[in-house]
Amino acid sequence: MDFAKGVGLHGQLFKIGVHLDVFVGTSLIDFYTAMCDLNTTKKVFEELPVKDEVTWYAMLSSYVNKFNDMEKARDLFEKIPCKDLVIWHTIILGYVKAGDVELAKEYFDRATVKDLLMYNTILGCLAKNGEVECALRLFHEMPCRDLVSWNTVIGGLVRDGRINEAMRFFHQMKKVNLLPDDVTLASLLSACAQAGALDTGKWLHSYIDRRCAELNAVIGTALVDMVG
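Looking at an unreviewed UniProt entry, one finds the chain named Pentatricopeptide repeat-containing protein, with Anisodus acutangulus as its source organism.

A short note on the packing of helix α4 (residues 53-66) against helix α6 (residues 85-98)
Orientation of α4 relative to α6, taken along the N-to-C sense of each, is 5 degrees, at an axis distance of 10 Å. What the angle tells us is that α4 and α6 run roughly parallel. Each of Trp 56, Tyr 57, Leu 60, Ser 61, Val 64 and Asn 65 in α4 lies in contact with α6, whose residues at this interface are Val 86, Ile 87, Thr 90, Ile 91, Gly 94 and Lys 97.

Some thoughts on the UniProt feature "repeat: PPR" (unreviewed entry) in the chain
If you check UniProt for "repeat: PPR" (unreviewed entry), the listed places come out as residues 52-87, 115-145 and 146-180 in our numbering. When the span residues 146-180 is considered, its composition is 74% helix and 0% strand, and the gap between its end C-alpha atoms is 11 Å.

Section: the pattern of salt bridges
Per the counting criterion, the structure on display carries nine salt bridges. The partner of Lys 43 in a salt bridge is Glu 47, and the shortest N-O contact between them spans 2.7 Å. Of this pair, Lys 43 and Glu 47 both sit in helix α3 (residues 38-47), four residues apart, which is roughly one turn of that helix. Residue Arg 74 is joined to Glu 106 by a salt bridge in which the shortest nitrogen-to-oxygen separation is 3.2 Å. Of the two residues, Arg 74 sits in helix α5 (residues 70-79) while Glu 106 sits in helix α7 (residues 101-110), which places them 32 residues apart along the sequence. By relative accessible area, Arg 74 is classed as partly exposed at 29%.

Focus: the packing of aromatic side chains
Note on aromatic pairs: each is described by the distance of the centres and the angle between the planes. Counted according to the given criterion, the structure contains twelve aromatic pairs. For the pair Phe 31 and Tyr 32, a centre-to-centre distance of 4.9 Å together with 70 degrees between the ring planes defines the contact as edge-to-face. Measuring from ring centre to ring centre gives 6.0 Å for Trp 150 and Phe 169, while their planes differ by 65 degrees; the resulting arrangement is edge-to-face. Highlighted residues: Trp 150 in helix α10 (residues 147-159) and Phe 169 in helix α11 (residues 163-175), separated in sequence by 19 residues. Here the two residues Trp 150 and Phe 169 agree in accessibility, since each one is buried. The residue whose ring lies beneath Lys 51 is Phe 45, and the NZ or CZ to ring-centre distance is 5.0 Å.

Structural notes on helix α2 (residues 22-34)
The terminal C-alpha atoms of α2, which comprises 13 residues, lie 18 Å apart, in line with the 18 Å expected from a rise of 1.5 Å per residue. Every buried residue of α2 is accounted for by Val 24, Gly 25, Thr 26, Leu 28, Ile 29, Phe 31, Tyr 32 and Thr 33. The first or second residue beyond α2 is Cys 36, which carries a positive phi of 60 degrees.

About the thresholds
Here the residue numbers are simple positions, counted from 1 along each chain's written sequence. In view of the model being predicted, local features appear only for residues whose pLDDT reaches at least 70, and side-chain atom pairs are presented and counted only at 80 or more, with totals across whole chains, interfaces and linings using the full set of residues. Here the side-chain values reflect all heavy atoms present in the structure, with hydrogen atoms and water set aside. Geometry is summarised by axes, namely lines fitted to C-alpha atoms with helices restricted to the contacting stretch, and by angles between N-to-C directions that run from 0 to 180 degrees. Elements are defined by DSSP. Helices are runs of H or I of four residues or more, strands are runs of E of two residues or more, and each kind is numbered from the N terminus. Here is the rule for angles: anything less than 35 degrees is roughly parallel, anything more than 145 is roughly antiparallel, 65 through 115 is roughly perpendicular, and the remaining ranges are oblique. Contact definition: two residues touch when any of their heavy atoms are within 4.5 Å. UniProt positions are given in the numbering used here, feature names are shortened, and annotations may be inferred rather than shown by experiment. Salt bridges are defined by distance alone: a side-chain nitrogen of Lys or Arg within 4 Å of a carboxyl oxygen of Asp or Glu. Three labels apply to residues, based on accessible area from a 1.4 Å probe with only protein chains included: buried if under 20% of the type maximum, exposed if over 50%, partly exposed otherwise in between. Here is the rule: rings of Phe, Tyr and Trp (six-membered ring for Trp) pair when centre to centre is within 6.5 Å. Planes less than 30 degrees apart are stacked, more than 60 are edge-to-face, and the remainder are tilted. Our definition puts a charge over a ring when NZ of Lys or CZ of Arg is within 6 Å of the ring centre and also within 35 degrees of the ring normal. Expected helix span is computed as 1.5 Å times (number of residues minus one).

See below:
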């Protein structure tokens, strides 16, 4: 739907008095957000007499994902009466995308509900911003971990030049019966190339030959870089 047709439909909804319905209002918020009309998006939201979880999320997501206004997002977030997992995800991811590690951590710590995705999001934020020790502490505190969690910590250690620790995590990952993927192996091979750790790199090459039926482009390039 183009902007003119949407506005026309909004006018018709206003005339028949259903524009204040929570479902209709939320749909209008989504429409004006998609049309990049922040002023009307806010006006529709503020005029709704009743707002449900979807309405609050639609407005918060508008600030975070469309208009990149974390100040307004934060103000709105504090007014949301019932904050579910999706709402916490949205504000935390907004600060991660904005590069504000401290506020991302603050809201993560405040979150009353957490899942593995939220843990992995903040773990990645810490690791990518050089806060490797904080990432390690969080990793060990996590109630459960998946391959993304392990790869994030290994990648953080690699970027920090801590190849031996990265290899220890690699071996620990295998001990918990979690097989490394292309991301894990390429990250470690890259670290071996940067550090000149040929013995470790040769061991990894041998491991890949034993475990992988064929090399993909990422691992193949990492192997070339290491021996080159």
